[in-house]
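Fold and geometry: a report
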Amino acid sequence: MAETTLVDARGSFCPGPLMELITTLKRAQVGDVLELLSSDAGSAKDVPEWVRKVGHVLERTERDPAGVWHLFVRKEK
Amino acid sequence: MRIVVVGGGMAGTIFANNVARRLASELRAGKARITMLTASDKHVYQPGWLYVAMGRMTPDELEREQASLLDPAIALHVDPVRTFALADRHVVTASGRTHEYDLLVIATGSRPVPEEIPGLKEAAIHCYSAEDALHFYDRLADFTGGRILITVGLPHKCPMIPLEITFAMHDFLHDKGLSDKTEFYYTYPIGRAHSLENVARWASPEFERLGIRQETFFNLKEVDPANGLARSEEGAEVKFDLLVTVPPHRGQAVIEANKLGANGFIPTDRYSLRMVGEHADSVIVLGDTTNLPISKAGSTAHFEAEAAAENVAALVKTGRAVRQYDGKVFCFIEAGKDRATYAMFDYTHPPQPKAPNAAMHAFKMAYNKLYWASARGLL
């Protein structure tokens, strides 16, 4: 069954939000949704770029009042 | 307080020694007790494997007897834990012995798992054990030219290794007069040469200056060893003559077997370093074993261990913790055989690496010897 998994990468310079997302997504099930939390504005650009390249789906992107990005990615393959 | 430390690597050893020094009088008076349970009677300085892979160190230089590093007040048992009974506050070891605790420190580390990517284990060389580093040197010393492909798995221990191994191989083959016959093909999982933006900003021009080709957004999917071909999740195919990898890692199997954390990494509070959940009051997690989104590196383990030790000693003496771990990491970056720089950062301050120089390389070489003072909790 599809699940939503939280990947809290706030304050992560190394490995950084996208590497945390890739790591978690690799071991997720097809159909699972990951919610990535990032305090790095660069995530709003590099996460969609990688998701598009690999063929997963970026369901939505939000920025909360604290400035944290929430990126919802669904594993497609 | 009965303190049981599981794991005799950097985090466990630095923590245990640091606490033992701070609680010397309590240990003598029987008010505190420290027990270490570990899988090996040897302690290995793993960052040294890079130099073994380049033929510049031998594995024996990187090993000490674990007992020789520990404060005499610490009870050492080379008897790894098999069962974590957190609700009952005890662990059971391979020999069947039960150790009860008031505070458990889990520092079992991580392990490379190249076998998780089809073909990688058969085709690639890496430097994540003494044996593998020696094999690496054999292959590098016998290399006569062609394309060297560098791939980086996730997650991995030591975030600087992808750059360091590339620069080190470049200098090694340059000195052998093979530069004209060698093509370096560096790949990286995200859209730049390194996870740290400022490090990537420094590394890419260095690659360009040295003629090292780079491809970003490259996550290895599978390797065809027979045809010397690597394929990425992103759809790229790259031929190679020598495949060098930074393999993906997992936490230890015992962590997964006891269902303490997915992939062997335990959910951990980033500031207190306490295990997240109902056992937070009795379990601390250190080093690679945490699931924190920070570097899996000896430096991280070192600074976490110091913060945790200070807190535990304060708890015993005053009943209150006194520090939060601020995410501090300090990593040397070897930029070739005779120059280095460094990256120092924490949860809120990104690194500002400087241009590599000979003095920083000399400092790194000195630290390779000074490490044994760190392990003893002195530096």
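Residues numbered from 1 in each chain as written. Chains lettered and ligands numbered in written order. Predicted model: local features only at pLDDT ≥ 70, side-chain atom pairs only at ≥ 80, totals over all residues. Heavy atoms only, no water.

Turning to the pairing of strand β6 (residues 81-85) of chain B, a few remarks are in order. All names here are of chain B. Bridge count between β6 and strand β7 (residues 90-93): four bridges; the pairing is antiparallel. Across the sheet, Phe84 pairs through a bridge with Val91, a residue of β7. Taking the residues that link successive antiparallel strands as the turn, the β6-β7 hairpin has four residues, and the phi of Arg89 there is positive, at about 55°. (Pairing = 2+ DSSP bridges. Helix = DSSP H or I, 4+ residues; strand = E, 2+ residues; numbered from the N terminus.)

The next thing to look at is the state of the cysteines. Using the criterion set out here, one finds zero disulfides over all chains in the structure. Its sulfur unpaired, Cys14 of chain A is 6.8 Å from the next cysteine sulfur, which belongs to Cys331 of chain B. (Disulfide = S-S within 2.5 Å.)

This brings us to unusual backbone geometry. The amide bond that connects Cys14 of chain A to the next residue, Pro15 of chain A, takes the cis arrangement and shows omega of 15°. In this structure, Pro155 of chain B follows Leu154 of chain B across a cis peptide bond, with omega equal to -10°. Its place among the elements puts Pro155 of chain B in the loop between β12 (146-152) and α7 (161-175). Positive phi values are uncommon outside glycine, yet Lys259 of chain B reaches one of about 55°. Relative to the helices and strands, Lys259 of chain B is located in the loop between α9 (253-257) and β20 (283-285). Given a relative accessible area of 74%, Lys259 of chain B falls into the exposed group. Backbone geometry at Leu273 of chain B places phi at a positive 65°, although glycine is not the residue there. Note that Leu273 of chain B resides in the loop between α9 and β20. Owing to a relative accessible area of 1%, Leu273 of chain B belongs among the buried residues under this scheme. (Buried < 20%, exposed > 50% of the residue type's maximum accessible area, 1.4 Å probe, protein only.)

What follows is about the packing of helix α6 (residues 130-142) of chain B against α7 of chain B. Residue and element names in this part refer to chain B. Two elements in contact, α6 and α7, have axes whose closest approach is 11 Å; the angle formed by their N-to-C orientations is 40°. In terms of axis orientation, α6 runs oblique to α7. Classified by chirality, the crossing of α7 by α6 is right-handed. Packed against α6, whose contacting residues are Phe136, Tyr137, Leu140 and Ala141, the element α7 presents Ile165, Met169, Phe172 and Leu173 at the interface. For the contact of α6 with α7, the class distribution of residues is eight nonpolar, no polar and no charged. (Axes fitted to C-alpha atoms, helices over the stretch in contact; angles between N-to-C directions. Parallel < 35°, antiparallel > 145°, perpendicular 65-115°, else oblique. Left-handed = near helix turned anticlockwise from the far one by under 90°. Contact = heavy atoms within 4.5 Å. Nonpolar A, V, L, I, M, F, W, Y, C, P; charged D, E, K, R; others polar.)

With that out of the way, let us pick up the sheet that holds strand β1 (residues 4-8) of chain A. All names here are of chain A. With mixed pairing, four strands are arranged side by side in an open sheet as β1-β2-β4-β3. Each edge of the open sheet is held by one strand with a lone partner, namely β1 and β3 (57-63). On average, each strand axis in the sheet is tilted by 20° relative to the strand beside it, whichever way the strands run. Pairing of β3 with strand β4 (residues 69-74), which is carried by six bridges, proceeds in the antiparallel orientation. Looking at the pairing, Arg63 lines up with Trp69 of β4. Where helix α1 (residues 17-26) meets the sheet, its contacts fall on β1, β2 (33-38) and β4, and the angle it forms with β2 comes to roughly 160°.

The next point concerns the packing of helix α1 (residues 10-22) of chain B against helix α11 (residues 358-375) of chain B. All names here are of chain B. Where α1 meets α11, the axes come as close as 8 Å, and the angle between the chain directions of the two elements is 55°. Compared by their axis directions, α1 and α11 come out oblique. Each of Met10, Thr13, Ile14 and Asn17 in α1 lies in contact with α11, whose residues at this interface are Tyr371, Ser374 and Ala375. Its residues assigned to classes, the contact of α1 with α11 shows four nonpolar, three polar and no charged.

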